[in-house]
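# Summary of structural features
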Amino acid sequence: MASKQSAICISLLPKTLTDLREQLQNTQDADMIEIRLDKAKRLDLAGLDYGGKPCIATLRSKEQGGFWQGTTARYGIVAQAAIDAGIDYVDIEYPLAEEVLPKLKLKKSGVVLSLHTTEKDPELLERRFEEMCDVKADIYKFIFTADSLEDNLTALKLIQVARRKGVKYIIHAMGEEGRLSRILGAARGNAWTYAAREYTEETAPGQLSTFEAANHFFLNKKSDNTKILGLLGYPLVQSKGLRLQNQIIARHITKKS
């Protein structure tokens, strides 16, 4: 696959239209916007100002780590309403895809097929991802929970599987232990990286803030050609080294270009 820069997608979780309009005022560090519809009873997405940025509509069920509880039929109705509002992408959960996708009139909207799994075994994770790829979609989002640093390597192995299959993907691990996989994923071909306005507003555990993603790690300038350097030492929690080194690298690249 050709090298392509990743993007930073700010994830918003409004309860009302007023909430959403207020949250949209603080998306300057993001390239894309995800609107999580889990907590909103009614939310008309038509006519809103997204600043010209691509937008994703997501209805994350409680079974998949979200807040929404409802019937599959209602899930499809909400997804279709977002499509009718002209949304760029609609996120459809893999366990519901067989029933929901055939009924949707997608128009110009792309499909993000998503799965948040509690599975831990790397071989079973790979098998599950390959099963997902049998369903037609534009982006395959595959998320699992990290319990250790080594789980970030599992995410990289799954990315290799996606690259071999020639599909567009977003693959990373959730949780504090999986934060590294979000950064590495941006440098290894993830279509975009989900981030929060602030740490206190994360919509999934382990998200970076959009400011940190854009100005500390420069994730929207990363591509699958990006070289990865590591900072070793103990302790590292208080270290400013990663910010300093990334700033120096970013300035060097800017001067060369």
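In this report, the structure presented in the accompanying data block is examined. (Residues numbered from 1 in each chain as written. Predicted model: local features only at pLDDT ≥ 70, side-chain atom pairs only at ≥ 80, totals over all residues. Heavy atoms only, no water.)

### Quick look at the overall build of the protein chain
Along the protein chain, the regular secondary structure elements total eight helices and nine strands. Within the protein chain, the proportion of its 257 residues that are buried is 51%. Of the contacts formed within the protein chain by residues at least 6 apart in sequence, a portion of 60% connects residues at least 24 apart. Summing over all exposed atoms, the protein chain offers an accessible surface of approximately 14000 Å²; the carbon and sulfur share of this is 52%. (Helix = DSSP H or I, 4+ residues; strand = E, 2+ residues; numbered from the N terminus. Buried < 20%, exposed > 50% of the residue type's maximum accessible area, 1.4 Å probe, protein only. Contact = heavy atoms within 4.5 Å. Areas by Shrake-Rupley, 256 points an atom, 1.4 Å probe, with all protein chains shown as cover.)

### Details of the pattern of salt bridges
Tallied over the entire structure, the rule returns nine salt bridges. One salt bridge in this structure joins Glu93 and Arg60, with 3.1 Å as the shortest N-O distance. Of the two residues, Glu93 sits in strand E4 (residues 89–93) while Arg60 sits in the loop between strand E3 (55–58) and helix H2 (72–84), which places them 33 residues apart along the sequence. Glu93 sits in the buried class, given a relative accessible area of 1%. Taking the relative accessible area as the measure of exposure, Arg60 reaches 2% and is therefore buried. Because the salt bridges share partners, they merge into one network encompassing Glu22, Arg197 and Glu201. (Salt bridge = Lys/Arg side-chain N within 4 Å of Asp/Glu carboxyl O.)

### Some words on the environment of Lys227
Relative to the helices and strands, Lys227 resides in the loop between helix H7 (210–215) and helix H8 (241–256). For the pair Lys227 and Ala187, spaced 40 residues apart in sequence, the C-alpha separation works out to 7.9 Å.

Treat this as a map of the structure, not an account of what it does.
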